[in-house]
Amino acid sequence: MTESPVEDSTTAAAPLVVLSKVNKHYGALHVLQDIDLRIAQGEVVVLIGPSGSGKSTLCRTINRLETIDSGTITIDGRPLPDEGKELARLRAEVGMVFQSFNLFAHKTVLENVVIGQVKVRKVPRPQAEKTARELLERVGVGAQADKFPAQLSGGQQQRVAIARALAMKPKVMLFDEPTSALDPEMVNEVLEVMRQLAADGMTMVVVTHEMGFARSAANRVLFMADGKIVEQNTPDAFFTAPRSDRAKDFLSKIL
Ligand code: ADP
Ligand code: MG
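Keep in mind that this is a model prediction, so the values were computed, not measured.

Q: Could you give an account of helix H3 (residues 84-93), naming the residues involved and the relevant values?
A: Every α-helix carries 3.6 residues per turn, so stepping three or four residues along brings you back to the same face. Within the span of H3, buried status applies to Leu-87, Arg-89, Leu-90, Ala-92 and Glu-93. For H3, the elements touching its buried residues are helix H2 (55-62), strand E4 (70-75), strand E5 (78-79), strand E6 (94-97) and strand E7 (172-176).

Here you go:
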């Protein structure tokens, strides 16, 4: 890992997200093993690897949905808080989009994007609604603002989920298989929103099986297996010349 040219270039600037020697167990399972990771402002990191390798757990530790057993995680120089107001602030700074869209079913699309701003960010409602409408426009679902989530397609719902996360003005966005639950014809409309977000300079960690997205949008690909970051490189280098047997084996199965 230390010989990776990508790693060298990202350590030069003060990184936005830093994980140092992070370890986590589920009982006897050592699910994250000495994870060291530095993510620069504006960097797009795609996380790939076999099922069960710890990708989701790694994402969830970054916004403290999961605790860690040892090591440190900092966002913008500040360690992750344990609880209370500081934790709510952190959750706002670290946006997360899941495979299942997790929208509030009984609230309108607009309200889904308004509510966090009002409750967590204490934004006055008129301003929160203005921001919500702008964000819904930006992800291409402005016309759906007054509908309920169930009236939208999966691709539209996932774009609302992205708008909802963006409304909190996050410093980093985590995406855990955001297109895995979608019908194939809706995958691209979500990836396109993510590509635009990346082009606009958002710092992103993306777990995905969409290798086309990884090739076109990632600055760096991390390959995880058995709780470790086994290999990392630029997408070009990784996909054309993976170094580890685990990565070669993985790519031979998916490409
Ligand atoms: P991935 O996202 O790469 O598929 P996960 O991070 O979801 O992997 O899971 C890594 C390992 O941890 C798997 O073996 C999984 O079964 C286990 N695991 C995940 N969440 C829990 C949990 N809450 N309790 C116990 N084991 C878990
Ligand atoms: Mg997962």
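Q: Describe the pairing of E4, and please don't skip the residues or the numbers.
A: In this sheet, E4 lies alongside strand E1 (residues 17-26) in antiparallel orientation, the contact comprising five bridges. Bridge pairing in E4 links Val-18 to Thr-74. Strand direction decides the pairing type here: E4 and E5, joined by two bridges, are antiparallel. For Ile-75, the partnering residue across the bridge sits in E5 and is Arg-78. Where E4 folds back onto E5 in an antiparallel hairpin, the turn is made up of two residues, including Asp-76, whose phi is positive at roughly 55 degrees.

Q: Talk me through the environment of Val-230; I want residue IDs and the actual numbers.
A: The topology assignment puts Val-230 in strand E10 (residues 228-233). As for Val-230 and Gln-144, which are separated by 86 residues in sequence, their C-alpha atoms are 43 Å apart.

Q: Talk me through unusual backbone geometry; I want residue IDs and the actual numbers.
A: We note that Asp-34 has phi near 50 degrees; this positive angle belongs to a residue other than glycine. Since its relative accessible area comes to 44%, Asp-34 is described here as partly exposed. The phi angle at Glu-177 is positive, at roughly 50 degrees, despite the residue not being glycine. Residue position: Glu-177 is located in the loop between E7 and helix H7 (184-199).

Q: Let's hear about the nonpolar core: which residues, and what values?
A: Leu-136, Ile-162, Met-173, Phe-175, Met-194 and Met-204 are the most contacted members of the largest nonpolar core, which totals 53 residues. Broken down by element, the residue count for this core peaks at eight residues, all from H7. Excluding anything up to four places from it in sequence, Met-194 contacts Ile-162, Phe-175, Pro-178, Met-204, Val-206 and Phe-213. Listed in part, the 28 residues of the second largest apolar core include Leu-58, Ile-75, Leu-87 and Met-224.

Q: Outline the site of ligand 1, supporting the account with residue identities and numerical values.
A: The local shell around ligand 1 consists of Tyr-26, Leu-29, Val-31, Pro-50, Ser-51, Gly-52, Ser-53, Gly-54, Lys-55, Ser-56 and Thr-57. Contact distances for ligand 1 include 3.5 Å between a nitrogen atom and a side-chain N or O atom of Tyr-26. Contact distances for ligand 1 include 2.5 Å between an oxygen atom and a side-chain N or O atom of Thr-57. Isolated, ligand 1 exposes 560 Å² of accessible area, and the fraction of that covered by the protein chains is 58%. Looking at the shell around ligand 1, the elements that each hand over two or more residues are strand E2 (29-39) and H2. With three residues, H2 is the largest single contributor of residues to the shell around ligand 1. Partitioned by chemical class, the residues of the shell around ligand 1 number four nonpolar, six polar and one charged.

Q: Mind laying out the sheet that holds E10, listing which residues take part and the relevant values?
A: Read from one edge of the open sheet, six strands run E6-E7-E8-E3-E9-E10, paired in mixed fashion. Whereas interior strands pair on both sides, the edge strands pair on one side only; in this sheet they are E6 and E10. Between one strand axis and the next, the sheet turns through 20 degrees on average, direction left out of account. Looking at chain direction, E7 and strand E8 (residues 203-207) are connected through five bridges and run parallel.

Q: Mind laying out the packing of helix H4 (residues 109-119) against helix H5 (residues 125-138), listing which residues take part and the relevant values?
A: One way to put it is that H4 packs onto H5 with a least axis distance of 9 Å and a crossing angle of 130 degrees. Taken together, the axes of H4 and H5 are oblique relative to one another. For the element pair H4 and H5, the recorded crossing hand is right-handed. Along the contact surface, H4 presents Val-109, Leu-110, Glu-111, Val-113, Val-114, Gln-117 and Val-118, while H5 presents Arg-125, Ala-128, Glu-129, Thr-131, Ala-132, Arg-133 and Leu-136. A per-class count over the contact of H4 with H5 returns eight nonpolar, two polar and four charged.

Q: Kindly report on the environment of Thr-74, identifying the contributing residues and their values.
A: Topologically, Thr-74 is positioned in strand E4. Once the C-alpha coordinates of Thr-74 and Ile-229 are considered, the two residues, 155 residues apart in sequence, prove to be 18 Å apart. Residues within four places of Thr-74 in sequence aside, it is in contact with Leu-16, Val-17, Val-18 and Pro-79.

Basis of the calculations
- Residues numbered from 1 in each chain as written.
- Chains lettered and ligands numbered in written order.
- Predicted model: local features only at pLDDT ≥ 70, side-chain atom pairs only at ≥ 80, totals over all residues.
- Heavy atoms only, no water.
- Buried < 20%, exposed > 50% of the residue type's maximum accessible area, 1.4 Å probe, protein only.
- Helix = DSSP H or I, 4+ residues; strand = E, 2+ residues; numbered from the N terminus.
- Contact = heavy atoms within 4.5 Å.
- Pairing = 2+ DSSP bridges.
- Core = buried A, V, L, I, M, F, W, Y, C linked by side-chain atoms within 4.5 Å.
- Near = heavy atom within 4 Å.
- Polar contact = N/O pair within 3.5 Å; in protein donor to acceptor, adjacent residues only side chain to side chain.
- Areas by Shrake-Rupley, 256 points an atom, 1.4 Å probe, with all protein chains shown as cover.
- Nonpolar A, V, L, I, M, F, W, Y, C, P; charged D, E, K, R; others polar.
- Axes fitted to C-alpha atoms, helices over the stretch in contact; angles between N-to-C directions.
- Parallel < 35°, antiparallel > 145°, perpendicular 65-115°, else oblique.
- Left-handed = near helix turned anticlockwise from the far one by under 90°.

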